[in-house]
Amino acid sequence: MYPHERSLVKQYQGKPFVIIGVNSDKDRAAIKTIVKEKNLPWRSFWNGPQGTRGPISTAWNIEGWPMTYLIDAKGVIRHRNIRGEVLDRAIAELVAEVEG
Amino acid sequence: MDLNLRRRLFITLLATSALLVGFTSQSTAQNTAQSNDQEASQESSPTGTFKTLEAEHGKVWRTWRQETRGAKAASEEERAAHEAANPTLLYISKFQERAKQHQGTVQAIDYLNWLFSWGWRHDRNASMAALDQLLRDHIDSPRMGRLAFSLALKAARSGFPLQKALDTHDLIASKAKTPTDKAATLYWRAYVISETNTQGAERERATRDLAAAIKTGDARTKQDATGLLFKMTRLQDGMVAPEIEGEDLDGSTFKLSDYRGKVVFLDFWGDW
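In short, a report on the structure. In this text the structure is predicted, and so the values were computed from the model without any measurement.

Digging into helix α5 (residues 87-101) of chain B
Residue and element names in this part refer to chain B. With 15 residues, α5 extends 22 Å from end C-alpha to end C-alpha; this agrees with the ideal 21 Å at 1.5 Å per step. Looking at α5, one finds that the buried residues are Pro87, Thr88, Tyr91, Ile92, Phe95, Arg98 and Ala99. When α5 is viewed along its axis, its buried side chains cluster within an angular range of 140° and face the same direction. Every exposed residue of α5 that faces more than 90 degrees away from the buried side is listed here: Leu90, Glu97 and Lys100. Packing partners of the buried residues in α5 comprise α3 (50-70), α6 (108-122) and α7 (124-137). Where α5 begins, the side chain of Asn86 points an oxygen toward the backbone nitrogen of Thr88, at a separation of 2.9 Å.

Take a look at the structure:
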């Protein structure tokens with residue numbers, strides 16, 4: 001997933017698209033180092049010291065990781081758990097909606 | 001490992017593999033199921049206990065599975081021969097024998113639950129016969145919670161007929177001896193509705209069942225039902241994403257809605 005995410009960030013630089021993570025690693029200091037070392041260029045909420053059982057993923061009823069949502073510019077959920085080319089096409093469509 | 005995490009990991013595993021059957025201690029009524037397991041393992045019979053036979057099957061099955069992976073490049077004939085040597089088929093008769101020995105008693109339930117689970121993939125007749133017997137002889141047992149769980153997973157992911165699953169959950173719920181057992185069963189019924197993306201009146205009923213389960217269920221059910229209700233009523237396509245407010249990895253507070261005006265790819269991730 002990392003290479004795909006890096007390329008999405010690069011592709012949509014300056015466009016109305018952003019990756020927001022909810023990170024479930026228990027050790028915040030350690031994950032900060034990993035983000036730097038592996039060059040993971042997106043902002044993440046931290047799910048807290050309980051990891052996958054933290055408050056955000058609990059509220060969102062996340063049962064399998066990774067889980068993803070594609071949300072449009074109005075804040076509406078449009079797709080869940082899509083990947084690969086399907087994801088690429090969906091992002092392109094939603095960004096096109098914003099840019100008219 | 002705590003039960004919540006086990007359940008979540010198990011469901012993750014389900015999403016990526018065909019290992020749908022045979023998991024033993026998963027149920028919303030976990031506490032009940034666990035103490036029953038302990039009871040069952042203390043009951044000995046001349047031919048050994050359920051736990052022993054289950055472990056024995058698990059071991060030979062895992063070996064067989066590994067050989068299956070190794071036999072990928074083999075000829076079609078060899079693969080067919082390997083498939084025919086699936087040890088589960090033999091164990092189905094062993095479990096049937098035990099279920100018969102203990103027929104009508106509480107010990108039979110574990111064997112029948114196993115037969116329902118493993119039979120669903122390997123021997124449909126054995127599976128359905130075990131289900132019928134559970135419903136006929138043990139309908140009001142607290143151990144039916146495990147059936148409610150495995151039935152839900154099979155309906156959600158392995159082609160068990162939807163309506164039959166829902167009707168069976170209703171039957172189990174209607175005979176439950178305690179409000180908590182009933183709530184747990186109706187939680188699994190709602191889970192089926194959610195996972196199969198069933199719409200209409202059934203969906204409305206599922207949300208009502210979940211609201212009731214939050215009131216009457218045990219702690220486990222309350223938590224599961226709360227999560228599922230939120231998912232069904234707030235996290236569907238076309239719904240405004242619920243707000244998230246929290247700290248980023250550097251400790252700065254921000255909100256999901258800060259990014260209105262942009263398309264957001266929200267990614268629940270970890271570096272595992």
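That shown, we press on.
Some points on the sheet that holds strand β3 (residues 263-269) of chain B
The strand order across the open sheet built from five strands is β2(A)-β1(A)-β3(B)-β3(A)-β4(A), with neighbouring strands paired in mixed fashion. The sheet is open, and its two borders are formed by β2 (43-46) and β4 (77-80) of chain A, each paired with just one other strand. Pairs of neighbouring strands in the sheet enclose a mean axial angle of 20°, with direction left out of account. Of the pairings in the sheet, the one linking strand β3 (residues 67-71) of chain A to β4 of chain A comprises three bridges and is antiparallel in character. Looking across to β4 of chain A, one finds that Leu70 of chain A is bridged to His79 of chain A. Helix α1 (residues 2-11) of chain A rests against β1 (17-23) of chain A together with β3 of chain B of the sheet, and its axis sits at about 145° to β1 of chain A.

Points about the pattern of salt bridges
All names here are of chain B. Within this structure, the stated rule accounts for 21 salt bridges over all chains. Across the pair Glu195 and Lys231 runs a salt bridge, and its minimum N-O distance is 3.4 Å. Remark: Lys231 occurs in helix α12 (residues 219-234) and Glu195 occurs in helix α10 (residues 179-195); sequence separation between them is 36 residues. Taking relative accessible area as the criterion, Glu195 reaches 26% and is therefore assigned partly exposed.

Here we look at the packing of aromatic side chains
Evaluated as defined, the whole model comprises 22 aromatic pairs over all chains. Centre to centre, the rings of Tyr2 of chain A and Trp269 of chain B are 6.2 Å apart; their planes meet at 85°, and the pair counts as edge-to-face. Placement of Tyr2 of chain A in helix α1 and of Trp269 of chain B in strand β3 is noted, with the two residues assigned to different chains. The same class applies to Tyr2 of chain A as to Trp269 of chain B, namely buried. Centroid distance Trp120 of chain B to Phe160 of chain B: 5.0 Å. Interplanar angle 50°. Geometry classified as tilted. With Trp120 of chain B in helix α6 and Phe160 of chain B in the loop between α8 (144-157) and α9 (162-175), this residue pair connects regions lying 40 residues apart in the sequence. Per residue, the accessibility class of Trp120 of chain B equals that of Phe160 of chain B, and both read buried.

Definitions and cut-offs
Residues numbered from 1 in each chain as written. Chains lettered and ligands numbered in written order. Predicted model: local features only at pLDDT ≥ 70, side-chain atom pairs only at ≥ 80, totals over all residues. Heavy atoms only, no water. Helix = DSSP H or I, 4+ residues; strand = E, 2+ residues; numbered from the N terminus. Expected span 1.5 Å × (residues − 1). Buried < 20%, exposed > 50% of the residue type's maximum accessible area, 1.4 Å probe, protein only. Arc of directions from axis to C-beta. Contact = heavy atoms within 4.5 Å. Polar contact = N/O pair within 3.5 Å; in protein donor to acceptor, adjacent residues only side chain to side chain. Pairing = 2+ DSSP bridges. Axes fitted to C-alpha atoms, helices over the stretch in contact; angles between N-to-C directions. Salt bridge = Lys/Arg side-chain N within 4 Å of Asp/Glu carboxyl O. Phe/Tyr/Trp six-rings, centres within 6.5 Å; stacked < 30°, edge-to-face > 60°.

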